[in-house]
4 protein chains.
Amino acid sequence: MLLNADAKGVFPIAPTPFFEDGAIDYASLDRLMDFYHASGCTGVTVLGQLGEAAKLDAAEALQVASRAVARSHGMPVVVGVSAPGFAAMRALTHDVMALGAAGVMIAPPNTLRTDDQIVTYYRQAVEAIGDDVPFILQDYPLTFSVQMSVDVIRRIVTTLPSCVMLKHEDWPGLEKISALRRLVATGEMRHIAILCGNGGLFLNHELERGADGANTGYAFPDMLCDTVRLHTEGRRDEMHDLFDAHLPLLRYEQQPGVGLAVRKYVLARRGLLSHATQRRPASQLTPAAMAEVEGLLSRLAQKDPRALRVEV
Amino acid sequence: MLLNADAKGVFPIAPTPFFEDGAIDYASLDRLMDFYHASGCTGVTVLGQLGEAAKLDAAEALQVASRAVARSHGMPVVVGVSAPGFAAMRALTHDVMALGAAGVMIAPPNTLRTDDQIVTYYRQAVEAIGDDVPFILQDYPLTFSVQMSVDVIRRIVTTLPSCVMLKHEDWPGLEKISALRRLVATGEMRHIAILCGNGGLFLNHELERGADGANTGYAFPDMLCDTVRLHTEGRRDEMHDLFDAHLPLLRYEQQPGVGLAVRKYVLARRGLLSHATQRRPASQLTPAAMAEVEGLLSRLAQKDPRALRVEV
Amino acid sequence: MLLNADAKGVFPIAPTPFFEDGAIDYASLDRLMDFYHASGCTGVTVLGQLGEAAKLDAAEALQVASRAVARSHGMPVVVGVSAPGFAAMRALTHDVMALGAAGVMIAPPNTLRTDDQIVTYYRQAVEAIGDDVPFILQDYPLTFSVQMSVDVIRRIVTTLPSCVMLKHEDWPGLEKISALRRLVATGEMRHIAILCGNGGLFLNHELERGADGANTGYAFPDMLCDTVRLHTEGRRDEMHDLFDAHLPLLRYEQQPGVGLAVRKYVLARRGLLSHATQRRPASQLTPAAMAEVEGLLSRLAQKDPRALRVEV
Amino acid sequence: MLLNADAKGVFPIAPTPFFEDGAIDYASLDRLMDFYHASGCTGVTVLGQLGEAAKLDAAEALQVASRAVARSHGMPVVVGVSAPGFAAMRALTHDVMALGAAGVMIAPPNTLRTDDQIVTYYRQAVEAIGDDVPFILQDYPLTFSVQMSVDVIRRIVTTLPSCVMLKHEDWPGLEKISALRRLVATGEMRHIAILCGNGGLFLNHELERGADGANTGYAFPDMLCDTVRLHTEGRRDEMHDLFDAHLPLLRYEQQPGVGLAVRKYVLARRGLLSHATQRRPASQLTPAAMAEVEGLLSRLAQKDPRALRVEV
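Reading guide: rules and limits
Residues numbered from 1 in each chain as written. Chains lettered and ligands numbered in written order. Predicted model: local features only at pLDDT ≥ 70, side-chain atom pairs only at ≥ 80, totals over all residues. Heavy atoms only, no water. UniProt positions renumbered as here; feature names shortened; annotations may be inferred. Axes fitted to C-alpha atoms, helices over the stretch in contact; angles between N-to-C directions. Helix = DSSP H or I, 4+ residues; strand = E, 2+ residues; numbered from the N terminus. Parallel < 35°, antiparallel > 145°, perpendicular 65-115°, else oblique. Left-handed = near helix turned anticlockwise from the far one by under 90°. Contact = heavy atoms within 4.5 Å. Nonpolar A, V, L, I, M, F, W, Y, C, P; charged D, E, K, R; others polar. Least-squares fit on C-alpha atoms with pLDDT ≥ 70 in both. Buried area = accessible area lost by both parts, 1.4 Å probe. Salt bridge = Lys/Arg side-chain N within 4 Å of Asp/Glu carboxyl O. Polar contact = N/O pair within 3.5 Å; in protein donor to acceptor, adjacent residues only side chain to side chain. Expected span 1.5 Å × (residues − 1). Buried < 20%, exposed > 50% of the residue type's maximum accessible area, 1.4 Å probe, protein only. Pairing = 2+ DSSP bridges. Right-handed = clockwise from strand over helix to strand, strands pointing away. Phe/Tyr/Trp six-rings, centres within 6.5 Å; stacked < 30°, edge-to-face > 60°.

- For chain A, the name recorded in an unreviewed UniProt entry is 4-hydroxy-tetrahydrodipicolinate synthase, with Pandoraea pneumonica as its organism.
- Entered under Sequence similarities (unreviewed entry) in the UniProt record, the comment concerning chain A runs "Belongs to the DapA family."

## What about the packing of helix H3 (residues 86–99) of chain A against helix H4 (residues 115–129) of chain A?
Residues and elements named next belong to chain A.
Then, number 1: Contact geometry of H3 with H4 gives a least axis separation of 8 Å together with a crossing angle of 50°. Judged by the inter-axis angle, H3 sits oblique to H4. As for how H3 packs across H4, the hand of that crossing is right-handed. Mapping the contact onto sequence places Phe 86, Met 89, Arg 90 and Thr 93 in H3 and Tyr 121, Gln 124, Ala 125, Ala 128 and Ile 129 in H4.

## Points about the packing of helix H2 (residues 58–70) of chain B against helix H3 (residues 86–99) of chain B
Residues and elements named next belong to chain B.
Then, number 1: At a closest axis distance of 9 Å, the pairing of H2 and H3 adopts a crossing angle of 25°. The angle between the axes of H2 and H3 places the two elements in the roughly parallel class. In this structure, H2 meets H3 at a crossing whose hand is right-handed. Across the interface between the two elements, Leu 62, Ala 65, Ser 66 and Val 69 from H2 touch Leu 92, Asp 95, Val 96 and Leu 99 from H3.
Then, number 2: Classifying every residue of the contact of H2 with H3 gives six nonpolar, one polar and one charged.

## Brief notes about the relation of the copies chain C and chain B
Then, number 1: Rotating chain C by 180° about the axis while translating it 0.0 Å along that axis superimposes it on chain B, leaving an RMSD of 0.0 Å. In short, the pair behaves as if placed about a two-fold rotation axis. No C-alpha of chain C approaches the rotation axis more nearly than that of Pro84(C), which lies at 3.6 Å.
Then, number 2: A shared interface surface links the copies, since 100% of the contact residues of chain C are contact residues in chain B too.

## As for the interface of chain B and chain A
Then, number 1: Listed by partner, the interface residues are 31 residues for chain B and 31 residues for chain A.
Then, number 2: Across the interface of chain B and chain A, roughly 2700 Å² is buried in total on both sides, 58% from carbon and sulfur atoms.
Then, number 3: Three residues, Trp171(B), Arg251(B) and Arg299(B), lead the burial of chain B against chain A; their summed loss comes to 25% of the area buried on that side.
Then, number 4: Remark: the boundary between chain B and chain A carries six salt bridges.
Then, number 5: We note a salt bridge from Arg209(B) to Glu292(A), for which the minimum N-O separation is 2.7 Å.
Then, number 6: Counting every contact that joins chain B to chain A gives 16 residue pairs in polar contact (both at pLDDT 80 or more).
Then, number 7: By residue number, the principal contributor to the side of chain B that touches chain A is helix H10 (residues 236–253) of chain B, which donates nine residues.
Then, number 8: Among the residues forming the side of chain B that touches chain A, the class breakdown is 15 nonpolar, seven polar and nine charged.

## Topic: helix H3 (residues 86–99) of chain D
Residue and element names in this part refer to chain D.
Then, number 1: Taking 1.5 Å of rise per residue, the 14 residues of H3 would be expected to cover 20 Å, and the 20 Å separating its terminal C-alpha atoms lies within 8% of that figure.
Then, number 2: Taken as a whole, H3 has its buried residues at Phe 86, Ala 87, Met 89, Thr 93, Val 96 and Met 97.
Then, number 3: Lining the buried residues of H3 we find helix H2 (58–70), strand E3 (77–80), strand E4 (103–106) and helix H4 (115–129).
Then, number 4: Where H3 ends, the next residue or the one after it, Gly 100, has phi of about 115°, a positive value.

## Details of the pairing of strand E6 (residues 163–168) of chain D
Residue and element names in this part refer to chain D.
Then, number 1: Most of E6 sits inside the fold, with six of its six residues counted as buried.
Then, number 2: With five bridges connecting them, strand E5 (residues 135–139) and E6 associate as parallel partners. When the bridges of E6 are listed, Ile 136 appears paired with Met 165.
Then, number 3: Between E6 and its parallel partner strand E7 (residues 193–196), the chain crosses via helix H7 (residues 174–185), and the hand of that crossover is right-handed.

## Observations regarding the interface of chain C and chain B
Then, number 1: Listed per partner, the contact involves 15 residues of chain C and 15 residues of chain B.
Then, number 2: Both faces combined, the contact of chain C with chain B buries some 1100 Å², and carbon together with sulfur accounts for 56% of it.
Then, number 3: When the buried area of chain C at its contact with chain B is split by residue, Ala54(C), Ala87(C) and Pro281(C) rank highest and sum to 34% of it.
Then, number 4: Joining chain C to chain B, the criterion identifies two salt bridges.
Then, number 5: The shortest N-O distance in the salt bridge between Glu127(B) and Arg280(C) comes to 3.0 Å.
Then, number 6: For the interface between chain C and chain B, the tally reads three residue pairs in polar contact (both at pLDDT 80 or more).
Then, number 7: The dominant element in the side of chain C that touches chain B, judged by the number of residues it contributes, is helix H4 (residues 115–129) of chain C, at three residues.
Then, number 8: Split into classes, the residues belonging to the side of chain C that touches chain B amount to six nonpolar, four polar and five charged.

## Concerning the pattern of salt bridges
Then, number 1: On inspection of all chains with the given rule, the structure shows 112 salt bridges over all chains.
Then, number 2: One salt bridge in this structure joins Arg209(B) and Glu175(B), with 3.1 Å as the shortest N-O distance. One end of the pair, Arg209(B), is in helix H8 (residues 203–209); the other, Glu175(B), is in helix H7 (residues 174–185), with 34 residues separating them in the sequence.
Then, number 3: Since its relative accessible area comes to 7%, Arg209(B) is described here as buried.
Then, number 4: With a relative accessible area of 31%, Glu175(B) lands in the partly exposed category.
Then, number 5: Among the ionic contacts, a cluster of salt bridges with common partners joins Asp226(A), Arg229(A), Glu233(A), Arg235(A), Glu238(A), Asp304(A) and Arg306(A).

## Focus on the sheet that holds strand E2 (residues 44–46) of chain C
Residues and elements named next belong to chain C.
Then, number 1: The parallel open sheet is built from eight strands, whose spatial order is E1-E8-E7-E6-E5-E4-E3-E2. A strand with exactly one partner marks an edge of an open sheet, and here the two such strands are strand E1 (9–10) and E2.
Then, number 2: In this sheet, strand E8 (residues 213–214) lies alongside strand E7 (residues 193–196) in parallel orientation, the contact comprising two bridges. Looking at the pairing, Cys 196 lines up with Ala 214 of E8.

## Observations concerning the packing of aromatic side chains
Residues and elements named next belong to chain D.
Then, number 1: A full pass over the atoms with the stated rule returns 26 aromatic pairs over all chains.
Then, number 2: Ring geometry for Tyr 121 versus Tyr 122: centroids 5.6 Å apart, planes at 90°, classification edge-to-face. The same class applies to Tyr 121 and to Tyr 122, which are both buried.

## Re unusual backbone geometry
Then, number 1: In this model, Trp171(B) is joined to Pro172(B) through a cis peptide bond whose omega is 10°.
Then, number 2: Locating Pro172(B) in the fold gives a position in the loop between strand E6 (163–168) and H7.
Then, number 3: Residue Ser145(B) is not a glycine yet carries a positive backbone phi of 60°.
Then, number 4: A relative accessible area of 33% means that Ser145(B) is categorised as partly exposed.
Then, number 5: We note that His73(D) has phi near 50°; this positive angle belongs to a residue other than glycine.
Then, number 6: If you trace the backbone, His73(D) turns up in the loop between H2 and E3.

## Focus on the environment of Leu247(C)
Then, number 1: Mapped onto the elements of the fold, Leu247(C) is located in helix H10 (residues 236–253).
Then, number 2: Considering only alpha carbons, one finds Leu247(C) and Phe202(C), 45 residues apart in sequence, at a separation of 9.4 Å.
Then, number 3: Discounting residues that sit within four places of it in the chain, Leu247(C) has contacts with Leu201(C), Leu247(D), Pro248(D) and Arg251(D).

Okay, structure coming up:
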């Protein structure tokens, strides 16, 4: 089951769970996968930046991917394969596709500048991994310092048929979604799925601009699923009400650097992870930050009872 | 009346109002200044990045500063004097201080990297403008690509007595505020004012970490004043309720690039600017974006009636 | 006399001479201009980065430009007008063209990334300065962090008729010259002058790739003129011999940061500047560096007697 | 035999030889190692950036390191282990040290900015690889965009005893060498070896400033050895004569991007590599560039007969 351009809904970016000693906590990974499925997620992404992929050795990375696929309940599993060289990217892609992954996600190296450099990089990446492997184009200038214009995305989509999805996390990015959708409407670009990252900070508006869903790691993937569902059902006010209720926490979680610590804290708080541990190097939550997160959960619970309830 | 390290409250970053033909709209500037004063602002910053300073010629810049001072109702007026060279910085500083400005704001050039380079730059800037001119240190890595560690700020504050305020807009930045306040508590650094920018996105938490107020351009400076006041009065829940009600719009307004267009649109919508015009080059709001802003105002009005009322 | 696309030869980038107290040394500027003319230079560029333009106030900048024009001996004078905003760029351009400048040079702000951003910036710059002012496109990624592809240059040249010259200082850049010349040969781009900067480090090869000359500040502009002349006359071995003899010093002078100090030291050593003074902030030559420069001059003098002779 | 702070001489950065089909050419690697030894090199570095390390898969990387160690003729072999995460760095370090490597080289990730970030990174790297593994600190801001001040290097050297060498390739960097040597002289920093990279562009002056040798990949490592030897023997004029004779080619070879293609071309031309092949992605030499290289070799041969003689 390979990913295709009709993907939609919510693909959470799964964190990699660790025990306090740094060993991988597969039981928590199973629990996460079960929860994603129960929440209505339509796919899962593992070994992204958020998944602390760079802190895993090659064997561990394969084990995580393998376990996720085994516990996917039919959801397609996408694997992050960004690497400093095409040899490592090819090797990891080959291995995870053999394990049953549905596709891979590729971020650009932060040395790319010109339009041609970006297009060339993805062409070479496809040569490396093979054009039969569906891939997701990750457009995240805030983190990668690579700016992809609408025309660059069009060129990549047009010349590389295995590009099936855009992980949209440009900021500002609303006009980019509209521009891409216009290109599809006028026949200048084939349709690809657009799922939104950037912590979900603009998800409510992104859906209304034509995005197909979310591809981010916010600690309430169930809320992301509800947001997409309410949007699909045309229940606009309810969608915005739900989203806005979560926005204070979501904004807090989307801070660079410390965001993953917040996310793992909340996932542990919800009973989804046994431990909030990150492998080193890692930003840690201070007591002041923990108190802020507790305060945000408390306030959120007034509007969304899931905020204080253990889910699993 | 010079700015000093006891500053607190809200110093809005004033936009520069233009007529549709690009001429400066001084009547709107007066109206803004009156509104800032009536709202309880304790100072005003003009000719910041947000103020389209780079689109004014030298004579216009002085006129804007002069008009703001003349209409300041006793509020200290801070002037952005960041420039590619110290000659221009010195000249502008000299002129605006002679006009009655209370101090200047200096952003770092985006070529600075090491700690020593940053400290040296500010030492040279003070040599250029004179050590009798109070200055605000602007710490905004997202925009300027310059990362100031806590120790760099301590070194600048310690070696340059004319540094009286930090415009704090690091992201994440909560722990930085706490760390700076600890240095003051332990006597390792003298006190300086910390007013927060970054669109106000974390203002509620920043106040609780020890910040003295806001120094940003959100189109509801009256809300910023209320937030600071509620915090000062210890009315914590009300403070967060008010802030969270504004967060969806505030987040929308804080988008890079298009943010100023949103801000001017809302200020015009509120009757504070006669026109939302920016000088070129400028990002423009599309009809879809305008509809989004209207939707956000509409939803906000359910909680804060100022959102749809013309103020002036 | 406006600059046009047929420019060729050597346009030295003139330093701004200062007395030891920082005042502008116009007598030395006159001497430089006389020397440029006597050496066979075909133009002069003032107020470039190398000219410490950012350390001059607006009145001084105009005086320098004015003096250079007055002492130009018929050579076209190009003025650097790069600025953080279009208002300042327009004002300076207007003033220097009125004084008799032949054109202006515009470097890109280091925030530009995508192809469209670069093309748009130059379109807006031309709107600001007027399409009747010839301009030089400065392509110097090492300093400005902006990478212009061949296609971006083609788009700028094609859409903006007032672009008459490329200051080529990409590194590596030889293939870029060849590619641009091919575009002209096949009729895909109109001809523009290509003069080379980057300290002249590859000038011998650049000429053989089709460049029209040099536009850089090496302290021996007379050698640059000879190099171009020998190339034009087809005296290939002599050209390379002369160039290679200078390469050790030229390489030393082209160091970032400290390069201008070397350059002014050598120009003073040659009697062309009365003082090697730079305005602050400035890198200074240490005694060790001075000894190295003296050693390089000494070795150079064995092959080119100008290295130890006072010229003027 | 572990690397220590007394290292000196020339450690060439070895390219990885490939057959035309991309397979690793171990016979050429052997030939290179033999030649390095015969030329008087005192060590070898493999799997650096220049070694196309990112284009090898994990097994190949180990094979290259293993082969180099097996053919080292007693020269210490340093292995580049820079990686996007500490897990991969630890794994590769562990494996190559077990194979007999003498130490590892670690470049900083290009996201580091503040002094503390840089020092922390190396502390964490040592935690990952073990403090019993000697490492080389690579200071190459041009490529990595990380600027290490003298004080940052002092902090790293002082807090991390396993740092035994600096690969110095800052530009300009002469004063940095002098400053580091002064710190040793005054007892503020322990001695470490300083070997110079940056293509060797300033090697003659760097030696005179106190550097211990070269650690770069110029296609004439025999010339690098002679330069260091002449310097050590105090034969200053001969040293500069030899270096200056090579400077035109050395400068040509040090171009970013295309440099490796030049280097492999010349090494093949000299009979040291069977093929100039790079794995993809790679910059290729155009016919014009090949003609330039041939011209440079030809001119060089007038002063150094090795330029046209097949060595092996």
